[in-house]
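If you want the building blocks of each chain, they are given just below.
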Amino acid sequence: MHSSSEEAAYLNHPEEPLRPGSLYSRGETYAIDLEDGKACMNEESARREQEELRKSNQKPRSAHGWDLIVLLWYLIFYRPVITEYNLRRKNLRSIFIRFSAWQYAGSDKLWAGLITTLCGSIRSHFGALPLSFYQVVGSRPQFASGFSQKEWHLKGQTCMKLWGLLFFLVSGISLFSVAAFVPGVRESKVLKVAGGSFATLSGSGAVLTAFNVIKNIVVTQKHRIEKLTDSNKFSSHLGFMSKVKREIESLTGFMNFMEIYERRRLRIVMEITCLDTCCPERITGVLNAMNTLLSDTNAPFIFILVVDPSVIVPCLEQTSCMKGIADNGYLFLNRTVTLPFSIPVMGIKSKLQCLHNVVQTREDLMYQIITRNVEREVKKVRWRVELAESAEPAGEMDQSQLDAQAVRYIHEAFHCVHDDSDCLHRYVPDSITQMRRIVNTVPITLRLMMHRSITRHTIAPRSVAAWVVLANQWPCRLSWVLQCIEDKEQLQPTEDFRRQSLWSVFTEHCAELYAMHKDIKNILDLDADPELFQKFLSSDFPFTVQEADTFLRNTVNLDHSIKHKLALIRALNTLNVAVKEPGLARASSVSRGVQCSAAHLQQARESTQSLDATQQP
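Residues numbered from 1 in each chain as written. Predicted model: local features only at pLDDT ≥ 70, side-chain atom pairs only at ≥ 80, totals over all residues. Heavy atoms only, no water.

The next subject is the overall build of the protein. Broken down by element type, the protein carries 27 helices and seven strands. A total of 617 residues make up the protein; the buried ones form 43% of that total. (Helix = DSSP H or I, 4+ residues; strand = E, 2+ residues; numbered from the N terminus. Buried < 20%, exposed > 50% of the residue type's maximum accessible area, 1.4 Å probe, protein only.)

This is the structure in structure tokens:
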């Protein structure tokens, strides 16, 4: 995608402020963009790693193997110093963490899930032992004074404590040995007590340190935060957020320590997805948690907030806790997001590649499984199928022949969808989810039509794929056309009407549809570009009324409640005309729903109101 390389170029610049901020993307192609962005960032990191190695001859270190022992030594005895050379390092490594808000959507503490995911991912990446040692004996990095390039300072206080413990330990052992083995002093209890006390005093410090390290290994930051949030009165605790803040500061200090130890810059890139599937209160909690994590100016965090602003903005404006702060959701996002990325329109090559990848995931086209078995059957029964089609059009086929022919039709339909020489791919949306809906629906529709002996002799697979795209992209307009056809067919239509195109039916009744646009605003929002709808039905795929009747009986991706709602509104409008102009109403064509009683009219109004409520985002 176009934005991935640009995004990676920005995120790989360590000379930018240490608080890189947040990003947000638009649309549902974010999965491809994130993967492409990861690849670009990893390539750029590898290139900078090689350049830094040639300049300094210092190989980066890790937290595994022999380097782990060196890391523990530095954690105990040295204090890191942030020098000018450290700030000018160009080599950078990104640690990617994906947080799917959908997994915590049912929780009252979605924001806590964000923080615990961050803590758990960092712990699993670097290991429990280094993080636990840092929390017990580690030191937060300090900035160098002057132009010193020394990155490690020996902890004098720690060394003194260690020498003191060794002194007491040696003294205690010596006194105890003298009291136990020297003749003439064996009966002295004072030396034994003194020696035991000195040895116990010296050992208690080491035991206490080891106990704290083991405690931090067993009781993780994630468990401590979850324990805080499990309390029913956690929100009333005055020190609750300060405890969470201390945990985050400890995590930030550890990351800064690891930057100096590994001899490269580190960035925690957290991808927040599926946030627009949560309720408004949860969304604001996650945004507040992001601000909490980024409040530290030295925090090495980058948040990629993958959302659709058209969904997030109304949620922010509806939440009670954001009144006065996010009355304008767009302004609030502008204050929170420091680097917006709006994903551009998908190019033809990218769309065709995505369609090809989606098609390959279908069970009907899994080449390792299906093709190996089906091709044998195809070769055996192909001549039987052709013979059956030519000799006896109405004859029945056995199951193996139907399966073989179904696979052929599905292959042909999918080829039309992602063929660059076919115009059908222009009407397929850029959304990966919508692509999957279309690809999943085409085989079902084809198999239904074959089960009813329709496809074999009357309908081409390309037309079936086009009809599925039509129902997926313009459900409101298509439902309106089908309702108009139904009303017309109830008056015994002529053969000329059955040969009439759907576009002519739509143009004939589009004024009536516009008159009710206020009542069906939520349904109209489901439709794609109206100009593409015109081009689809008027030139590229001019379906007729007869073809629409055939397809409708096998259509599974069109919500019939939309057509029912349009029928109710049309019936109410016709009744309104009948009341105001009785003569005109009798002369006009009246649909089946017009002849209803007052009770039916009230029921129609209630159904319309309930459908409106269910269509609210």
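Picking up where we left off.
With that out of the way, let us pick up the packing of helix 11 (residues 280-293) against helix 12 (residues 309-318). Two elements in contact, helix 11 and helix 12, have axes separated by 8 Å at closest approach and are oriented at 95°. Considering their axes alone, helix 11 and helix 12 lie roughly perpendicular with respect to each other. Here P280, I283, T284 and L287 of helix 11 lie close against helix 12, whose contacting residues are I312, C315, L316 and Q318. Looking at the contact of helix 11 with helix 12 residue by residue, the classes come out as six nonpolar, two polar and no charged. (Axes fitted to C-alpha atoms, helices over the stretch in contact; angles between N-to-C directions. Parallel < 35°, antiparallel > 145°, perpendicular 65-115°, else oblique. Contact = heavy atoms within 4.5 Å. Nonpolar A, V, L, I, M, F, W, Y, C, P; charged D, E, K, R; others polar.)

In the UniProt entry, the feature "transmembrane region" (unreviewed entry) is given for residues 63-82 and 162-182. As annotated, residues 63-82 comprises 60% helix and 25% strand, and the C-alpha atoms at either end are separated by 19 Å. (UniProt positions renumbered as here; feature names shortened; annotations may be inferred.)

Under the criterion given, the structure shown has 20 salt bridges. A salt bridge links R47 to E44, with the nearest nitrogen and oxygen atoms 2.4 Å apart. With R47 and E44 both in helix 2 (residues 30-56), this residue pair falls three residues apart, about one helical turn. Here R47 falls in the partly exposed class, since its relative accessible area comes to 40%. The salt bridge partner of R89 is E151, with a shortest N-O separation of 3.3 Å. In this pair, R89 sits in the loop between helix 4 (84-87) and strand 3 (92-100) while E151 sits in the loop between strand 4 (142-143) and strand 5 (152-154), placing the two residues 62 residues apart along the sequence. Exposure remark for R89: the relative accessible area of 2% places this residue in the buried category. Residue class for E151 comes out buried when judged on its relative accessible area of 13%. A single network of salt bridges, built from pairs that share partners, joins E44, R47, R48 and E51. (Salt bridge = Lys/Arg side-chain N within 4 Å of Asp/Glu carboxyl O.)

Turning our eyes to something else, we now look at the nonpolar core. Ranked by size, the top nonpolar core spans 60 residues in total, and within it W467, L470, L502, F536 and F543 carry the most contacts. Discounting chain neighbours no more than four positions away, the residues touching L470 are P475, L478, F533, F536, L537 and F543. Ranked by size, the runner-up nonpolar core spans 59 residues in total, among them I115, L118, F254 and L305. (Core = buried A, V, L, I, M, F, W, Y, C linked by side-chain atoms within 4.5 Å.)

What follows is about the pairing of strand 2 (residues 78-82). In this sheet, strand 5 lies alongside strand 2 in antiparallel orientation, the contact comprising three bridges. Bridging across to strand 5, R79 finds its partner in H153. Where strand 2 lies against strand 4, two bridges are found, and the strand directions are parallel. Within strand 4, the position partnered with V81 by the bridge is Q142. (Pairing = 2+ DSSP bridges.)

A ring pair, where both rings are aromatic, is described by two values, the distance of the centres and the angle of the planes. For the structure shown, the criterion picks out 23 aromatic pairs. Ring centres of W474 and F533 lie 5.6 Å apart, and the angle between their planes is 55°; this geometry places the pair in the tilted category. Linking W474 in the loop between helix 18 (461-473) and helix 19 (475-489) with F533 in helix 23 (residues 530-540), this pair joins segments that are 59 residues apart in sequence. Take W474: its relative accessible area is 1%, and that puts it in the buried class. You can call F533 buried: its relative accessible area is 1%. Arranged with centres 6.4 Å apart and planes meeting at 15°, the rings of F541 and F543 form a pair that is stacked. Here F541 matches F543 in class, with each residue buried. Through successive ring pairs, a cluster of aromatic residues spans Y427, W467, W474, W503, F506, F533, F536, F541, F543 and F551. (Phe/Tyr/Trp six-rings, centres within 6.5 Å; stacked < 30°, edge-to-face > 60°.)

Let us now look at helix 14 (residues 348-360). Between its first and last C-alpha, helix 14 extends 18 Å over 13 residues, near the 18 Å set by a 1.5 Å rise per residue. Looking at helix 14, one finds that the buried residues are K351, L352, C354, L355, V358 and V359. All buried residues of helix 14 project into a common sector of 160° when viewed along the axis, lining one side. (Expected span 1.5 Å × (residues − 1). Arc of directions from axis to C-beta.)

The next point concerns helix 24 (residues 545-552). When helix 24 is considered as a whole, its buried residues turn out to be V545, A548, D549, T550 and F551. Where helix 24 is buried, its residues touch helix 17 (432-451), helix 18, helix 19, helix 20 (495-498) and helix 21 (502-515).

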